[in-house]
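One-letter residues, chain by chain:
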Amino acid sequence: ARHFFSDPAEVQALRGALLAWYDRCKRDLPWRALAVMEPDADRRGYAVWVSEIMLQQTQVATVIDYYNRWMQKWPTLQALAQASLEEVNELWAGLGYYSRGKRLQEAARKVVSELAGRMPRTAEDLQKLLPGVGRYTAGAIASISYGQATGVVDGNVIRVLCRLRCIGADSSSPAVIDRLWDMANVLVDRSRPGDFNQALMELGATVCVPKAPLCGECPVKQHCQAWRRNLFGKPPKVPDVEDCGVGDCPLCPPATEPWDSSLGVTNFPRKAAKKPPRVMRTATCVLERRGCHGAPEYLIVQRPSSGLLAGLWEFPSLPLAQDLQEEREREELADHLQAWLGQPVAAKGLRFIGEVIHIFSHIHQTYVVYSLPLDGDVTLDPALSPSRWVTEDEFHASAVSTAMKKV
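Just so you know, these numbers come straight off a predicted model, no measurement behind them.

Caption draft 1: Expanded view of helix α9 (residues 135-146). For α9, built from 12 residues, the straight-helix expectation of 16 Å at 1.5 Å per residue is met to within 8% by its first-to-last C-alpha distance of 16 Å. Within α9, 11 of the 12 residues are buried, which leaves it mostly tucked inside the rest of the structure. Within α9 the residues assigned to the buried category are Tyr-136, Thr-137, Ala-138, Gly-139, Ala-140, Ile-141, Ala-142, Ser-143, Ile-144, Ser-145 and Tyr-146. Phi for Gly-147, located one or two positions after α9, is positive at around 75°.

This is the structure in C-alpha cells:
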C-alpha cells in the first residue's frame, strides 16, 4: 500500500497543490498557448501532437525553434499531409531521431485519407489508429486537447512518482511501469486532466530533476516518501503494517542496493545499467568540383529509406571494419567512390582531413574524413541511390544530419 495512493483525501490534496503551483509557475511554451487558444479541436490536437513527438528524447530548449518553424510551415494536418518527405526531413534536420518526422507525416496522411481529416478523440483510438503514437503520446494528446481523464507516464513522471512513493526497483521493468500507469490514472485530476498531466511533467522537468532536485520548492513534498525518508532518516527496523514485506516486493529497492543517505531523494528512481554503445567507424569522402558559376560544389547521396538516418543526405560513406589499416581503408573507400563516379579513383589521391566523433543514442560513431577534388564534369550512375551536387549553402539547407555538418 505504501507504493500507491490509497487515501482519497491525500489524492485530492496533491492534485490541488500541484495545479496551484502549475498555475503560478508553468513555463510559457508555444504549444501550450496553441492548446489553450485554438478553438478548433482538431487543430488543437495536431498542435499538441507535433510538440509531443518533437519532445521525445529532445530537450524543450532545442524543440521550441523547430516547433515554431514547423507550425508556421504546416499549421494544419492537411498542410502536413501534402508535404513531401524531403521537406519534412529538411525541417527536421538536426533534431535527431529522424523517423519521428517521417511517422508524423505518415499519420497525418492517414488522418486525412482514412479518417476524413478528424483526429481520434480518445487515448485508446489515438494509439490504435495513428502510426508512431504510443501510450504516452496518446494520453498526452487526449488529456490536453480533448479533456480525457487519462494519465501519462514519461521520463519526468517516472522520476516524480518513484520518489513520491519510494519505488526503487528498476524503473524500466514491466512491473514498475504498470504500477506507475495505474498510479497516474488514479492521480489525474478529473476536471483538469491536461493541466494536471502537464503539471506533473513540469514538476519533473524543473523541480524534481535527476540531480540536485529543488525539494525546498516542491509543492507536493509533504506527500513525498523519499523526501520524508531523507528528512527523518531510515525507516524503523520494525515495518509499519502498510510497509512491504522483506525481500519479496517487486517495487522496493533490491536488498543489494540499500538506501544511500548521501544521495537523499536521488536514491529514486533506480535504473538498469545501460548497455555500452556500439562502436563504429565510417570512412567519408567530401568530393569537390568547380560548379558552372565558379563556386565549389560537393556530392551528397541519399541514405536508404529505412534504418539509421533514413532518407537523409550525406557525403559518400562506407562502414569500416575495426582495426583496419589506413592503407586498406583508403583502398576500400576508393573502390566505393569508383562505383559512384563510374571512373577509377586512386587511393593515394584521397587526402586525409581528420576524424569526427558523433554519439548517437546507441552508437559511438567515428567518421574518418577524406577529401578528393575532381577535375572536369562527372556523370553519376542513375542506377544508384539518388545523388546531387550542392553548394555549401545548398548543403546546409538540405536534409543532412548534425554528424554530416560536423564532417
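Caption draft 2: Up close: the pairing of strand β1 (residues 278-290). Note that β1 and strand β6 (residues 363-373) share 11 bridges and pair parallel. Pairing of Val-279 across the sheet is with His-364, part of β6. One ladder, built from four bridges, connects β1 with strand β4 (residues 317-320); its direction is antiparallel. In the strand pairing of β4, Thr-282 is matched with Pro-319.

Caption draft 3: Here's a closer look at empty space enclosed by the protein. Taken as a whole, this structure holds two cavities of 30 Å³ or more when the rule is applied. A volume near 110 Å³ is recorded for the largest cavity. If you trace the largest cavity, you find 15 residues lining it, with Arg-163, Cys-208, Cys-215, Cys-218 and Cys-224 closest to the centre. Top element by residues in the lining of the largest cavity is helix α10 (residues 155-164). It accounts for three residues. Counted by class, the lining of the largest cavity contains 13 nonpolar, no polar and two charged residues.

Caption draft 4: Broad picture of the packing of aromatic side chains. One pass over the full model with this rule turns up five aromatic pairs. Their ring planes at 80° and their centres at 5.2 Å tell us that Trp-31 and Tyr-67 sit as a pair that is edge-to-face. Taken together, the residues span a long stretch of sequence, with Trp-31 in helix α2 (residues 30-37) and Tyr-67 in helix α4 (residues 60-73) at a distance of 36 residues. We note that Trp-31, like Tyr-67, is buried. Centre to centre, the rings of Trp-70 and Trp-74 are 4.7 Å apart; their planes meet at 75°, and the pair counts as edge-to-face. Summarising the burial analysis for this pair, Trp-70 and Trp-74 share the class buried. Put simply, the rings of Trp-70, Trp-74 and Trp-92 touch in pairs and so form one group of aromatic residues.

Caption draft 5: Just the layout of surface pockets, in detail. Each pocket or cavity is described by its volume, and for the largest pocket that value is around 1700 Å³. Forming the boundary of the largest pocket are 49 residues, of which Leu-55, Gln-57, Asp-154, Gly-155 and Asn-156 lie nearest the centre. Those elements that place two or more of their residues in the lining of the largest pocket are α2, α3 (41-55), α4, α9, α10, α11 (174-187) and α12 (193-206). Here the residues of the lining of the largest pocket are counted per class, giving 21 nonpolar, 15 polar and 13 charged.

Caption draft 6: Molecular detail of the confidence of the model for the protein. Per-residue confidence for the protein gives a mean pLDDT of 89, with 93% of residues at or over 70. Here residues 236-242 is a poorly scored stretch, pLDDT under 50, and it has two contacts once near neighbours within four places are set aside; other chains count.

Caption draft 7: Quick look at the packing of α3 against α4. Put simply, α3 and α4 touch, their axes get as near as 10 Å, and they point 140° apart. One way to sum up the angle between α3 and α4 is to call them oblique. As for the relative orientation of α3 and α4, their crossing is right-handed in sense. Of the residues in α4, those touching α3 at Tyr-46, Ala-47, Val-50, Ser-51, Met-54 and Leu-55 are Val-60, Val-63, Tyr-66, Tyr-67, Trp-70 and Met-71. For the contact of α3 with α4, the class distribution of residues is 11 nonpolar, one polar and no charged.

Caption draft 8: Spatial organisation of the domain arrangement of the protein. With domains assigned, the protein is organised as domain 1 (8-207) and domain 2 (278-397). Using C-alpha coordinates to define each centre, domain 1 is positioned 38 Å away from domain 2. At the junction of the two partners, domain 1 supplies six residues and domain 2 supplies 10 residues. Area buried by domain 1 at its contact with domain 2 is led by Glu-86, Asn-89 and Tyr-98, which between them contribute 62% of it. At the junction of domain 1 with domain 2, the criterion picks out one salt bridge. Two residues, Glu-86 and Arg-388, come together in a salt bridge whose shortest N-O distance is 3.9 Å. Here domain 1 and domain 2 share two residue pairs in polar contact (both at pLDDT 80 or more) between them. Sorting elements by how many residues they give to the side of domain 1 that touches domain 2 places helix α6 (residues 85-92) first, with three residues. Looking at side-chain class alone, the side of domain 1 that touches domain 2 contains two nonpolar, one polar and three charged residues.

Caption draft 9: Structural view of the environment of Val-157. Checked against the element boundaries, Val-157 lands in helix α10. Residue classification places Val-157 among the buried positions, given a relative accessible area of 0%. Counting along the chain gives 150 residues from Val-157 to Gly-307, while the straight-line C-alpha distance between them is 30 Å. Apart from the residues lying within four places of it in its own chain, the contact partners of Val-157 are Val-152, Leu-200 and Met-201.

Caption draft 10: Examining the nonpolar core more closely. Formed by 102 residues in total, the largest nonpolar core has its most connected members in Tyr-46, Trp-49, Met-54, Trp-70 and Leu-203. Tallying contributions element by element places α3 first for this core, with eight residues. Counting contributing residues per domain, this core is built from domain 1 (8-207) and domain 2 (278-397), each supplying no fewer than three. Contact partners of Met-54, with chain neighbours within four places excluded, come to Val-63, Tyr-66, Tyr-67, Trp-70, Trp-92, Leu-95 and Arg-100. One finds Leu-287, Leu-299, Ala-334 and Leu-341 within the second-largest nonpolar core, a separate group that totals 18 residues.

So, how was this worked out
- Residues numbered from 1 in each chain as written.
- Predicted model: local features only at pLDDT ≥ 70, side-chain atom pairs only at ≥ 80, totals over all residues.
- Heavy atoms only, no water.
- Helix = DSSP H or I, 4+ residues; strand = E, 2+ residues; numbered from the N terminus.
- Expected span 1.5 Å × (residues − 1).
- Buried < 20%, exposed > 50% of the residue type's maximum accessible area, 1.4 Å probe, protein only.
- Pairing = 2+ DSSP bridges.
- 1 Å grid on protein atoms, 1.4 Å probe; cavity = no way out; pocket = protein on both sides within 12 Å on 5 of 7 lines; lining within 4 Å.
- Points joined across faces, edges and corners; volume = space filled by probe spheres on them.
- Nonpolar A, V, L, I, M, F, W, Y, C, P; charged D, E, K, R; others polar.
- Phe/Tyr/Trp six-rings, centres within 6.5 Å; stacked < 30°, edge-to-face > 60°.
- pLDDT = per-residue confidence, 0-100.
- Contact = heavy atoms within 4.5 Å.
- Axes fitted to C-alpha atoms, helices over the stretch in contact; angles between N-to-C directions.
- Parallel < 35°, antiparallel > 145°, perpendicular 65-115°, else oblique.
- Left-handed = near helix turned anticlockwise from the far one by under 90°.
- Domains from an automatic or database assignment.
- Buried area = accessible area lost by both parts, 1.4 Å probe.
- Salt bridge = Lys/Arg side-chain N within 4 Å of Asp/Glu carboxyl O.
- Polar contact = N/O pair within 3.5 Å; in protein donor to acceptor, adjacent residues only side chain to side chain.
- Core = buried A, V, L, I, M, F, W, Y, C linked by side-chain atoms within 4.5 Å.

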